[in-house]
Amino acid sequence: MSAITWRDEAARWLFAEAGLRGLRDFLDCRLGTQVTQARTRMLRRFDLGEETWYLKLQDLRGQQLPWRRIPSYVFKGSPVAREAASLDRLKSLGILVPEMVAWGQGRSLLPWGAMLLTRALPGYLDLVAWLETRPPTQQARIVLGRVGTLVRDLHEKGLVLAGCKYRNILVDAGSPESPLALIDQPDLRSGRSTRLRNKDLQLLEFDRSRYADWIRAEEAR
């Protein structure tokens, strides 16, 4: 069984004209640039029809999952499919997320493939890439403070991210005071566990030490 859910009929026809109709077509897609690559997952960025798109794929055809992950995939499905649900949930809470255009999953008992198609947020960079541009120190410090506030606000709403990394937070490079955006949150869940909340905050602190230590150095001068 496989199906793709479209939320934009114009986009559906645009991709159909490019030969991308069913899930297998998308799993075989190699348009544009490969942004990330793991054993079964891939993210591609490409232009089509005067717009920029991100296509996240998980291709499990011919792959054997580790035994420890099988129960999660049986009951929860592919992380790519779970991310689609997380985008909707975050959007319903007023959090900025990329526009989800289509998503799909193929499965019998276990998933064999999944896709998620989103429109790019113009001008936005992930937080790691933005920090690498060396923005003004005060501006960077303010943005990182807002990152912490965003995560704590989600905690107050009864959610934990379990994907609280700088690469999953987007900043408008041209207007850093604009709302931050969240991506790549397949493990978003309800919960008020102190342990899980602390884990979110620890991940933020770890990435701050990796990617933003230059701020302390600049302030010390």
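Since we're looking at a predicted model, the values are computed, not measured.

Asker: Is there a simple way to think about the overall build of the chain in this case?
Answerer: What the chain contains, in helices and strands, is 8 helices and 11 strands. Over its C-alpha atoms the chain spans a radius of gyration of 18 Å, differing by no more than 12% from the 17 Å that the globule rule assigns to 221 residues. Dimensions along the principal axes, computed over C-alpha positions, put the chain at roughly 60 × 40 × 30 Å. Counting over 221 residues, the chain shows a buried share of 46%. Across the chain, the fraction of contacts at a sequence separation of at least 24, relative to all contacts at a separation of at least 6, is 66%. Summing over all exposed atoms, the chain offers an accessible surface of approximately 11,900 Å²; the carbon and sulfur share of this is 51%. Counting 35 positive and 26 negative side-chain charges, the chain places the averaged centre of each group 8 Å from the other.

Asker: Whenever I open this one, the nonpolar core confuses me. Can you help?
Answerer: As a rule of thumb, nonpolar side chains are buried together in soluble globular proteins. With 34 residues, the main nonpolar core has L127, L131, Y166 and L182 as its most contacted residues. The set of elements that each furnish at least two residues to this core consists of α4 (79-92), β6 (111-119), α5 (127-132), α6 (137-156), β9 (169-172), α7 (194-211) and α8 (213-220). Looking at this core, the element that brings in the most residues is α6, giving 7 residues. Residues contacting Y166, with those up to four places away along its chain left out, are D126, L127, V128, L131, L144, L204, D207, R208 and Y211. Membership of the second largest hydrophobic core comes to 20 residues, among which are W6, L27, F46 and W53.

Asker: Sorry, what's going on with the pattern of salt bridges here?
Answerer: Should their charged atoms come close, side chains of opposite charge can pair. Taken as a whole, this structure holds 13 salt bridges when the rule is applied. With a shortest N-O distance of 2.8 Å, R61 and D28 are connected by a salt bridge. Here R61, found in the loop between β4 (51-59) and α3 (70-76), pairs with D28, found in the loop between α2 (23-27) and β2 (33-37); they are 33 residues apart in sequence, far enough to count as distant. By relative accessible area, which is 31% here, R61 ends up partly exposed.

Asker: How should I be thinking about the packing of α6 against α7 in this particular structure?
Answerer: Angle between the axes and distance between the axes are the two parameters that describe a pair of packed helices. Close contact between α6 and α7 brings their axes to 11 Å; oriented N to C, the two are set at 170°. The orientation of α6 relative to α7 falls into the category roughly antiparallel. Residues L144, V147, G148, V151, R152, H155 and E156 of α6 form the contact with α7, whose participating residues are R197, D200, L201, L204 and R208.

Asker: So what exactly am I meant to see when it comes to the side chain of Q58 here?
Answerer: Position of Q58 relative to the elements: it lies in strand β4. A distance of 3.0 Å separates polar atoms of two side chains, one belonging to Q58 and the other to T40. Beyond its immediate stretch of four places on either side in the chain, Q58 contacts L27, T40, R41, Y73, S78, P79, V80, W112, G113 and A114.

Asker: What exactly am I supposed to notice about the layout of surface pockets here?
Answerer: Computed from the structure, the largest pocket encloses a volume of approximately 1,500 Å³. Along its surface, the largest pocket is lined by 50 residues, and L43, K56, N168, I183 and D184 are the ones closest to its centre. Listed by contribution, the elements that provide at least two residues to the lining of the largest pocket are β2, β3 (41-48), β4, α3, α4, β6, β7 (124-126) and α7. Looking at the lining of the largest pocket, the element that brings in the most residues is α4, giving 5 residues.

Thresholds applied
- Residues numbered from 1 in each chain as written.
- Predicted model: local features only at pLDDT ≥ 70, side-chain atom pairs only at ≥ 80, totals over all residues.
- Heavy atoms only, no water.
- Helix = DSSP H or I, 4+ residues; strand = E, 2+ residues; numbered from the N terminus.
- Rg over C-alpha atoms; globule rule 2.2 N^0.38 Å.
- Buried < 20%, exposed > 50% of the residue type's maximum accessible area, 1.4 Å probe, protein only.
- Contact = heavy atoms within 4.5 Å.
- Areas by Shrake-Rupley, 256 points an atom, 1.4 Å probe, with all protein chains shown as cover.
- Lys, Arg positive; Asp, Glu negative; His and termini not counted.
- Charge placed at Lys NZ, Arg CZ, Asp CG, Glu CD.
- Core = buried A, V, L, I, M, F, W, Y, C linked by side-chain atoms within 4.5 Å.
- Salt bridge = Lys/Arg side-chain N within 4 Å of Asp/Glu carboxyl O.
- Axes fitted to C-alpha atoms, helices over the stretch in contact; angles between N-to-C directions.
- Parallel < 35°, antiparallel > 145°, perpendicular 65-115°, else oblique.
- Polar contact = N/O pair within 3.5 Å; in protein donor to acceptor, adjacent residues only side chain to side chain.
- 1 Å grid on protein atoms, 1.4 Å probe; cavity = no way out; pocket = protein on both sides within 12 Å on 5 of 7 lines; lining within 4 Å.
- Points joined across faces, edges and corners; volume = space filled by probe spheres on them.

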